[in-house]
Structures are given as structure tokens and as C-alpha cells.
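Analysis of the macromolecular model
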Amino acid sequence: MTSITGYHAHVYYDAPQRAEAQRLCETVRDRFGVAMGRLHDQAVGPHPRGSCQLTVTPENFSDVIQWLVAHRGGFTIFAHALSGDEIKDHTDHVIWLGPSETLDLSIL
């Protein structure tokens, strides 16, 4: 594996959970200074349903993931490394908080 340049944490949600998911992502953004992407209400990329992407640096990944473990509020969160190998980053270099879900890897 090449070096890890960062991480993505994708907060998965369904339409009725949108506002709660947005609050969670905004709290992480504000608390840890991470970049927050848009909320996608439908499946996008390899992700099976609505999600919001948080981009986390290697330096603060430990703090962010520990906080999410304790405060995820029942959301499933898919976190993965950014190593330059998209397939491995979405299959081997991953952490699931909550139940894992099936990704559409054909998009990668």
C-alpha cells in the first residue's frame, strides 16, 4: 500500500433522516475542522443510498473516528483510506461503524 493521504467518512442516511444527518456532519465539520461535502439524497458513486462525505486528515482521523463511534446516533458510517487505489480503498482499507452495506464497485 502506498501512503495514506487522508480519509473519507460517508454518513449514510435515508430521506427522513436528512436533517439529522446534516446536523451530525455539520457538528463534525465544526468540531474538527474537516471538509464536508454536499448531502446526496440518492445513491451516488459506489454508495448504496443517500450520504454525506467528510474528508479527514491523517492527523485528526483518530479523534474524528472515536467521536463518531460515540456520537453516530445510529447512522451507518463507511470510512476508508485515500491511498490512490480506489478499489482497495473501498474494499480493504475500510472501517464500518454500524452494519456494512454493499457498494457498487463497478463504478470505480
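Preceding this section is the structure that the text describes.
Residues numbered from 1 in each chain as written. Predicted model: local features only at pLDDT ≥ 70, side-chain atom pairs only at ≥ 80, totals over all residues. Heavy atoms only, no water.

This part takes up the overall build of the protein chain. A count of helical and extended segments in the protein chain gives 3 helices and 5 strands. The order of α-helices and β-strands along the protein chain, N terminus first, is β-α-β-β-α-β-α-β. Over its C-alpha atoms the protein chain spans a radius of gyration of 13 Å, differing by no more than 12% from the 13 Å that the globule rule assigns to 108 residues. Along the three orthogonal principal directions, the C-alpha set of the protein chain runs to about 35 × 30 × 20 Å. Counting all 108 residues of the protein chain, 38% fall into the buried class. Residue pairs at least 24 apart in sequence account for 62% of intrachain contacts in the protein chain once pairs closer than 6 positions are excluded. For the protein chain, the exposed area adds up to about 5800 Å²; of that, 50% sits on carbon and sulfur atoms. The averaged location of the 13 negative side-chain charges in the protein chain is 7 Å from the averaged location of its 8 positive side-chain charges. (Helix = DSSP H or I, 4+ residues; strand = E, 2+ residues; numbered from the N terminus. Rg over C-alpha atoms; globule rule 2.2 N^0.38 Å. Buried < 20%, exposed > 50% of the residue type's maximum accessible area, 1.4 Å probe, protein only. Contact = heavy atoms within 4.5 Å. Areas by Shrake-Rupley, 256 points an atom, 1.4 Å probe, with all protein chains shown as cover. Lys, Arg positive; Asp, Glu negative; His and termini not counted. Charge placed at Lys NZ, Arg CZ, Asp CG, Glu CD.)

Let's shift gears to the nonpolar core. Among the nonpolar cores identified, the biggest contains 23 residues, and V11, V28, L54 and L68 are the most heavily contacted of them. Listing elements by their share of this core, those giving two or more residues are strand 1 (6-12), helix 1 (18-32), strand 3 (51-56), helix 2 (61-71) and strand 4 (76-82). Ranked by residue count, the leading element in this core is helix 2, at 5 residues. Those residues within four positions of V28 in sequence are excluded, and the remaining contacts are G33, V34, L54, V64, W67 and L68. (Core = buried A, V, L, I, M, F, W, Y, C linked by side-chain atoms within 4.5 Å.)

This part takes up the packing of aromatic side chains. Evaluated as defined, the whole model comprises 4 aromatic pairs. Ring plane angle 20° and centroid distance 3.8 Å describe the contact between Y7 and F61, whose orientation is recorded as stacked. Note that Y7 is positioned in strand 1 and F61 in helix 2, a separation of 54 residues in sequence. Relative accessible area serves as the criterion here: at 16%, Y7 is assigned to the buried category. A relative accessible area of 12% means that F61 is categorised as buried. (Phe/Tyr/Trp six-rings, centres within 6.5 Å; stacked < 30°, edge-to-face > 60°.)

Let us look at the sheet that holds strand 1. Spatially, 2-3-1-4-5 is the arrangement adopted by the 5 strands of the open sheet, whose pairing is antiparallel. The open sheet has two free edges, formed respectively by strand 2 (35-40) and strand 5 (94-97), since each of these has just one partner strand. Across the sheet, the mean angle separating the axes of adjacent strands is 15° when strand polarity is ignored. As paired strands, strand 1 and strand 4 are joined by 7 bridges and run antiparallel to one another. Note that in strand 4 the partner of G6 across the bridge is L82. Here helix 1 sits on the sheet and contacts strand 1, strand 2 and strand 3; the angle it forms with strand 2, its principal contact strand, is near 170°. The sheet contacts of helix 2 involve strand 1, strand 3, strand 4 and strand 5, and relative to strand 5 the element is tilted by about 25°. (Pairing = 2+ DSSP bridges. Axes fitted to C-alpha atoms, helices over the stretch in contact; angles between N-to-C directions.)

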